[in-house]
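# Understanding the architecture of this molecule
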Amino acid sequence: MSQEAGMFSAGDVVSSHSPSFGKELTVEELPLPADFAWGTATAAYQVEGGISADGKGKSIWDTYAHLEPSRTNGENADVTCDHYHLVPEDVELMSSLDVDVYRFSIAWSRIIPLGGRNDPINEKGIAFYNDLIDRLLARNIEPVVTLYHWDAPQGIYDRYTALLDTAEFQADFKHYASLCFSRFGDRVKKWVTFNEPYIISIFAHLNGTLAPGHCRAVGTDTKTEPWRVGHTVILSHATVVEMYMADFFPTQKGQISIVLNGHFYEPYDTTSQIHIDAAQRRLVFYIGWFGDPVFLGQDYPPEMRAYLGSRLPEFTAEERELLQRTAKFNAFYGMNHYTTKYARALTDPPADDDWTGNIEELAVNSQGQEAGPVSGIAWLRAAPGGFRKLLNWVWDRYHLPVIVTENGCPCPGEDDVETAVDDKYRQMYFGLYLDAISRAIYEDGVKVEGYYAWSLMDNYEWSAGYGPRFGIVHVDFKTLKRTPKNSAYYLKESFQKRRKATK
Ligand code: PNW
């Protein structure tokens, strides 16, 4: 149970071994379609800094990262990569790597400092994103913009606890989204409403490892809060999709969707039906929770209704209609994916706030086989076969073109810049995961349209602070110097090669 809580803790960093991938994991540099887009991704709070520059308001992360005692490894993102002041350099860097896409998020409280629909707008914040977008387009890089990557304005949290008040949040989020579409939508053609509703619900409102840090220890109701938060995300998403299609799509002609994360789950024991069922059930509780209402316009999966009972909110008839009307407008499935785990059915009664369907997640199966070679962080193992299976699972269930909106890893032993730059594990990881995409496309018939590496550069890894480094560019957090790692050049060259091969 505590496993997920560890995902953002700095103590998990694996520091002292070199990778061994074994024979069955060899990069083949398989082809990708000629128009396959590659890019890099970041999120506002993790890279921007400038937390009160030019009138920015506070977000729940500005508060959370300054709690005493610290819940974020003693670290905050007041400065982090200082992307806020270094955008020109960062865009040139991306351009030198030949990326097609930059996925970033807007800090809601930078453009509406207090967050609410009747609160003042901060033109300087809008100017910052206008400049970023214009610089990207000048370098032929497509901006892909996430509206909500975890940093709710503190103002709306103080007023009504943000995501816990569905009606208020929905109205404020709609207003914020409308401002973004009207100011940036002439140039931004791919929108993501929310990043990872599962993490927003479970990590921020059950385990408490992410802001606002709700968990049993601080006295919040972990039995119901995560499901109410998930409900808010789904309805806010659908409302904004409907508004975009009615009011903005006719002139702006862009695409909109949501990003769901999810591990792939293999059965702990493939000879036992209960563990085979457990793996499927875990996928449904993780991904179907959001995917079924959003992409299919349906109720929550029946397995979840049966298990969670009154803990799971109901959709009203009107809300069901909203979901049904908007499902078809989601233009792609945004997939954040990092690793594969084993799912083991438990037989003891679950805790009263269990969110898994009574399943334990493990890195090793009943035969003693590991899910894959461990990266620089304990929960993340390289398992490209699971990635390919997940692409198939999502395609079979939702029939939407997939964009891999995040994928990447920290490398073992990245503590000093010399070791960090020669990031062999990460190059292997990328190579294997790109091969898996090629196989999913050409052998399985899955539609995959793009791949965005997480992350453009080392940044603030939430509660784990600056420990784990996910960047393809090294950042020295004292001097802010950026140094591309070999994996950045690997991706640049590999995409040239893979896409040429298909022409
Ligand atoms: C994503 N998991 O978070 C986020 O979108 C990023 O902001 C973050 O930096 C990145 O992945 C790396 O952690 C996740 O364990 C973190 O299931 C953990 C999980 C999933 C997503």
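Presented here is an overview of the structure given in this document.

About the cut-offs
- Each chain carries its own residue numbering, running from 1 in the direction its sequence is written.
- In view of the model being predicted, local features appear only for residues whose pLDDT reaches at least 70, and side-chain atom pairs are presented and counted only at 80 or more, with totals across whole chains, interfaces and linings using the full set of residues.
- Heavy atoms from the whole structure form the basis of all side-chain values; hydrogens and water molecules are not counted.
- Here the term cavity refers to a set of points on a 1 Å grid, laid over the protein atoms alone, in which a 1.4 Å probe fits but cannot get out; the term pocket refers to an open set having protein on both sides within 12 Å along at least five of seven lines, with lining residues being those that place an atom within 4 Å of a point.
- Grid points are joined across faces, edges and corners, and a volume is the space filled by probe spheres set on the points.
- To qualify as a helix, a DSSP run of H or I must reach at least 4 residues; to qualify as a strand, a run of E must reach at least 2; elements of each kind are numbered from the N terminus.
- Buried residues are those whose accessible area, probed at 1.4 Å on protein chains only, stays under 20% of the maximum for their type, while exposed residues exceed 50% and partly exposed ones sit between those limits.
- A pair of strands is labelled paired if DSSP reports no fewer than 2 bridges between them.
- For helices, the fitted axis covers only the stretch in contact; all axes are lines through C-alpha atoms, and the angles between them, taken along N-to-C directions, range from 0 to 180 degrees.
- Note on terminology: angles under 35 degrees are roughly parallel, angles over 145 are roughly antiparallel, angles of 65 to 115 are roughly perpendicular, and the others are oblique.
- Handedness of each helix crossing follows the sense of rotation of the near helix against the far helix: counterclockwise by less than a right angle gives left-handed, clockwise gives right-handed.
- Here a residue-residue contact requires only that any non-hydrogen atoms of the pair lie within 4.5 Å.
- We call Asp, Glu, Lys and Arg charged. Ala, Val, Leu, Ile, Met, Phe, Trp, Tyr, Cys and Pro are nonpolar, and the rest, Gly among them, are polar.
- Each salt bridge in this description consists of a side-chain nitrogen of Lys or Arg and a carboxyl oxygen of Asp or Glu lying within 4 Å of one another.
- Helix span, as expected, comes to 1.5 Å for every residue beyond the first.
- Note: the arc covers the axis-to-C-beta directions of the helix.
- Stacked, edge-to-face and tilted are the three classes for Phe, Tyr and Trp ring pairs, Trp counted by its six-membered ring, which pair at centre distances within 6.5 Å; planes under 30 degrees apart are stacked, over 60 edge-to-face, the rest tilted.
- Either the NZ atom of lysine or the CZ atom of arginine qualifies as a charge over a ring when it sits within 6 Å of the ring centre and within 35 degrees of the ring normal.
- A molecule or strand has a residue near it when one of that residue's heavy atoms lies within 4 Å.
- In the analysis that follows, any N or O atom pair within 3.5 Å is treated as a polar contact, provided that within protein one partner can donate a hydrogen and the other can accept it, and provided that, for residues neighboring in sequence, both atoms belong to side chains.
- A 1.4 Å probe and the Shrake-Rupley method give the accessible areas. Residues count as covered only by the protein chains that appear here.

## Observations regarding the layout of surface pockets
Size it by volume and the largest pocket reaches roughly 360 Å³. If you trace the largest pocket, you find 17 residues lining it, with Glu24, Leu25, Glu370, Ala371 and Gly372 closest to the centre. Put simply, the parts of the chain that give the lining of the largest pocket at least two residues each are strand S8 (340-345) and helix H13 (384-398). Considering each element in turn, the lining of the largest pocket owes the most residues, 4 residues, to H13.

## Some thoughts on the pairing of strand S3 (residues 142-148)
The element S3 is largely enclosed, with a buried count of 6 among its 7 residues. The pairing of strand S2 (residues 101-105) with S3 spans 5 bridges and is parallel. Looking at the pairing, Phe104 lines up with Val145 of S3. By the bridge criterion, 4 bridges tie S3 to strand S4 (residues 190-195) in an arrangement that is parallel. Considered in S4, the bridge of Val145 is made with Trp191.

## A few points about the packing of helix H8 (residues 197-205) against helix H9 (residues 225-252)
H9 packs onto H8 with a crossing angle of 150 degrees between their chain directions and a minimal axis gap of 9 Å. By the criterion of interaxial angle, the relationship of H8 to H9 is roughly antiparallel. Crossing hand, H8 versus H9: right-handed. Two secondary-structure elements touch here, H8 through Pro197, Ile200, Ser201, Ile202 and His205 and H9 through Glu225, Pro226, Val229, Gly230 and Val233. Along the lines of polarity and charge, the residues of the contact of H8 with H9 split into 6 nonpolar, 3 polar and 1 charged.

## Considering the pattern of salt bridges
Should their charged atoms come close, side chains of opposite charge can pair. This model, assessed by the stated rule, comprises 39 salt bridges. When the shortest N-O distance is used, the salt bridge between Asp134 and Arg187 registers 2.8 Å. Taken together, the positions of Asp134 in helix H5 (residues 123-138) and Arg187 in the loop between helix H7 (166-184) and S4 put the pair 53 residues apart, joining distant regions of the chain. Taking relative accessible area as the criterion, Arg187 reaches 18% and is therefore assigned buried. The network of salt bridges with shared partners includes Glu414, Asp423, Arg426, Asp458, Arg469 and Lys485.

## A look at H5
Its 16 residues give H5 an end-to-end C-alpha distance of 22 Å, which sits within 8% of 22 Å, the value for a rise of 1.5 Å per residue. Of the positions making up H5, those classed as buried are Gly125, Ile126, Phe128, Tyr129, Leu132, Ile133 and Leu136. End-on, the buried residues of H5 take up no more than an arc of 155 degrees, which puts them together on one face. Within H5, the exposed residues directed more than 90 degrees away from the buried face are Lys124 and Ala138. Packed against the buried residues of H5 are helix H1 (44-47), helix H3 (83-96), S2, helix H4 (108-111), S3 and H7. In the segment just after H5, Asn140 is the residue with positive phi, at about 65 degrees.

## Structural notes on the packing of aromatic side chains
All chains considered together, the criterion is met by 48 aromatic pairs. Pairing Tyr429 with Phe430 gives two aromatic rings, centres 6.3 Å apart and planes at 70 degrees, and the pair type is edge-to-face. Each of the two residues, Tyr429 as well as Phe430, counts as buried. Taken together, the ring pairs connect Phe36, Trp38, Phe387, Tyr429, Phe430, Tyr433, Tyr451 and Phe495 into an aromatic cluster. A cation sits over an aromatic face here: Arg110 above Phe128, 5.6 Å from the ring centre.

## Section: the site of the ligand
Around the ligand, 19 residues are found, and the nearest of them are Met7, Gln46, His149, Glu406 and Glu461. Here Glu406 contributes a side-chain N or O atom positioned 2.8 Å from an oxygen atom of the ligand. In the model, an oxygen atom of the ligand is placed 2.5 Å from a nitrogen or oxygen of the Glu461 side chain. Contact with the protein chains covers 99% of the free accessible surface of the ligand, which is 440 Å².

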